[in-house]
Amino acid sequence: MPIAVLEKLDRRWLFLVLGLLVLGPLLWPIGLPVVPSRPVIQFRDAIAAVPQGSTVLMSCDYDPASRPELVPMTVTALRQLWDRHCRVVVTVLWNGGPALVDQTIESVANEYRARGIRLVDGVDYVNLGYKSGNEAVMVLMGQGVKSTFPVDQHGRPTSSLPILREVRNYSSFALLVNISAGYPGTKEWEQQVNSRFHLPMVSGCTAVSAPEYYPYLQSGQLRGMLGGMAGAAEYEKLRGERGPATHGMDAQSLAHLFIAACIVLGNVVHWGRRRGARP
Amino acid sequence: MNVSTDFGVWVGALLTLFIFSFLYKDNPLYKLAEHLFVGVSAGYYIVLNYWTVIHANLVEPLAAAFGGHLSGGPFHAQQGDYRAFLVLPGLLGLLLFSRLFARAEWLSRWSLAVIIGVYAGLKTTGFAQGDLVAQVQASLQPLWIAGHFWASVNAILFTVGLLTSLLFFYYSREHKGVLGGVSRVGVWFLMISFGAGYGYTVMSRVSLLIGRFQYLIEDWLHLR
């Protein structure tokens, strides 16, 4: 294609092609391979290493804006935890999140109920809901979970909930599963809780924040990590599931190839222009 | 085609299409969706913050403290149950609004001093423990691990990248000669990390697009 044509190309053609490349595979899946990476395998293994029946803290720090990336990993993590008969205590440090998180927990719990497995809210899991204060909430929970969250998301006193009967502070949890969209999230849990209270921790995060958390993974502060939709899809693959993240990966891969091609073509145009400008 | 009959789903789908229409060109439907989003978000978060922050943490506990139903009285406080002592943070919160009045503006500095002091303390200790010490410790690793060739290559690459990137940010000497060469290597490592960051950002943004398309296909049009 002549460089002059590329130079004058209306960018709306790029939007159209990108839109079709994303829409097409969602309607007609191609089934491109999804290969689990090491951080994802470590994430799965960290949960698998939790003793059966343990109590696990899961902080879902996101709101509906991060739904496509973070809800699939929340769902798969809940399934793995409940398959291990773990009791799950959920907190939300983003005030737009509790309703979405509640809906997600209930949808997974209903899957189990439909299979005849009894999961009781307040006994096997609880959503403590939102508490303002970011890092201050994390530190306070180290002194007492029930005093930090006197009532749960549904207004029930936490002191009356069977799941919290033996929960005092972070020492009562076997693992922290943090699903994070940004601030407050993985970085703050790492700084305030993992390093201070030594609670083992794994993170599922948006792709945009994943590069920031790799140093924590490399140093062993994080036991495993899911980065964005790709991480969620790899986790689904490891668990033998075909969820929304797996369905989105064909579109994701094609979009990435197209954007990479656009970057190469953009550089070719730039290079051609520089050559043309030389005397 | 079995299209959704849910009014809320239709509103969500149409607003999504209105926003997408901007990709063709600016138009009144896009403006409508944009203004709706800004207005509804502002209203929603004001109400949400009142009920989840001010009401839950201040109004409700104060009402209970002064309601006379709690044993021990309004000042019988303990951790998690601060009772009437919540008047103090409430007052500090109100002082923040003194910025609206030029003559009383200085009062807001007391509240800001508490906020900055508490968060500086929390952040400093958290950063020191979670980032500084732990990351420096993790950076000190053996360069050669017998029997693990690729792990050794990884460790050497890591150390070279760390040192050269750090030296790139050393500005007390002109970047010429050995320092110039080393910092140039550091730039290459930084560029690779920026590239990885860009790739992950693209993944995040495409995920949002996929999320909207999944909503249109599955929730609205029921095509899957």
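Being a predicted model, the structure only gives us computed values, none of them experimental. (Residues numbered from 1 in each chain as written. Chains lettered and ligands numbered in written order. Predicted model: local features only at pLDDT ≥ 70, side-chain atom pairs only at ≥ 80, totals over all residues.)

1. Focus: the overall build of chain B
Cut-off, in case you're wondering: The secondary structure listing takes helices from DSSP runs of H or I that are at least 4 residues long and strands from runs of E that are at least 2 residues long, numbered from the N terminus. A radius of gyration in this sense is built from C-alpha atoms; the matching globule rule multiplies 2.2 Å by the number of residues raised to 0.38. Each residue is classed by its C-beta neighbour count within 10 Å, where at least 20 other C-beta atoms makes it buried, 12 or fewer makes it exposed, and intermediate counts make it partly exposed; the C-beta atoms are placed from backbone geometry. For every residue pair, C-beta atoms are placed from the backbone, and the pair is scored as a contact if these atoms sit within 7 Å.
Scanning chain B for helices and strands turns up 6 helices and 0 strands. Counting from the amino terminus, helix and strand elements in chain B follow one another as α-α-α-α-α-α. Taken over the C-alpha trace, chain B has a radius of gyration of 28 Å; the compact-globule value for 224 residues is 17 Å, which it surpasses by more than 25%. Taken over the C-alpha atoms alone, chain B extends approximately 70 × 60 × 45 Å along its principal axes. Split into buried and exposed, the 224 residues of chain B put 7% on the buried side. Within chain B, counting contacts between residues at least 6 apart in sequence, those at least 24 apart form 25% of the total.

2. Regarding the interface of chain B and chain A
With 37 residues of chain B at the contact, the number on the chain A side is 48 residues. Among the elements of the structure, helix H2 (28-66), helix H4 (108-139) and helix H6 (177-220) of chain B are those that each provide at least two residues to the side of chain B that touches chain A.

3. Let's talk about the domain arrangement of chain A
In plain terms, the rule: Each domain's extent was defined by an automatic or database domain assignment.
What the domain assignment reports for chain A is domain 1 (3-29 + 252-277) and domain 2 (38-242). Each of domain 1 of chain A and domain 2 of chain A has a C-alpha centre, and the two are 39 Å apart.

4. Describing the pairing of strand S2 (residues 87-92) of chain A
Residues and elements named next belong to chain A. Keep this limit in mind: By the convention used here, strands pair only if DSSP detects at least 2 bridges between them. Assignment of crossover handedness uses the view with strands pointing away from the viewer, where a clockwise path from the first strand over the helix to the second indicates a right-handed crossover.
Here S2 lies mainly inside the structure; 6 of its 6 residues are buried. Along S2, one buried face is formed by Arg-87, Val-89 and Thr-91 and the opposite face, lined by Val-88, Val-90 and Val-92, is buried too. Sheet topology note: the strand S1 (residues 55-61)/S2 ladder contains 5 bridges and is parallel. Bridging across to S2, Thr-55 finds its partner in Arg-87. At this point the chain moves from S1, through helix H4 (residues 67-83), to the parallel S2, and the crossover so formed is right-handed.

5. Section: the sheet that holds strand S3 (residues 125-130) of chain A
All names here are of chain A. Worth spelling out the cut-off: All axes here are fitted lines through C-alpha atoms, helices being fitted over the stretch that makes contact, and every angle between N-to-C directions spans 0 to 180 degrees.
Reading across from one edge, S3-S2-S1-S4-S5-S6 is the order of the 6 strands in this open sheet, with parallel pairing throughout. Of all strands in the sheet, those bounded by a partner on one side alone are S3 and strand S6 (225-227). Neighbouring strand axes in the sheet, compared pairwise and without regard to direction, differ in orientation by 15° on average. Summarising the sheet, S2 and S3 pair through 4 bridges and their orientation is parallel. Residue pairing for S3: Val-92 is matched across the bridge by Tyr-130. Here helix H10 (residues 228-238) sits on the sheet in contact with strand S5 (201-205) and S6, set at roughly 125° to S6.

6. Notes on the nonpolar core
Residue and element names in this part refer to chain A. Worth spelling out the cut-off: Put simply, a nonpolar core is a cluster of buried Ala, Val, Leu, Ile, Met, Phe, Trp, Tyr and Cys residues tied together by C-beta atoms within 7 Å.
By size, the foremost hydrophobic cluster in this structure holds 76 residues, and its most contacted members are Val-56, Val-88, Val-90 and Leu-176. Sort the elements by how many residues they give to this core and H4 lands first, with 7 residues. The residues that make up this core include at least three from each of domain 1 (3-29 + 252-277) and domain 2 (38-242). Aside from chain neighbours lying at most four places away, what touches Val-56 is Val-50, Leu-81, Cys-86, Val-88, Phe-173, Ala-174, Leu-175 and Val-177.

7. Remarks on the environment of Pro25(A)
Residues and elements named next belong to chain A. Tracing the chain through its elements places Pro-25 in helix H2 (residues 11-27). Residues Pro-25 and Val-120 lie 95 residues apart in sequence; the distance between their C-alpha atoms is 38 Å. Once residues lying within four places of it in the same chain are set aside, the contact partners of Pro-25 are Ile-30, Asp-250, Ala-251 and Leu-254.

8. As for unusual backbone geometry
Residues and elements named next belong to chain A. Here the bond from Tyr-183 into Pro-184 is cis, since omega is -10°, no more than 30 degrees from zero. Topologically, Pro-184 is positioned in the loop between strand S4 (176-180) and helix H8 (186-197). Phi is positive for Asn-134, close to 50°, though the residue is something other than glycine. Among the residues examined, Asn-134 registers 18 C-beta atoms within 10 Å and is labelled partly exposed. The backbone of His-198 shows a phi angle near 60°, a positive value even though the residue is not glycine. Overall, His-198 belongs to the exposed group, with 10 C-beta atoms counted inside 10 Å.

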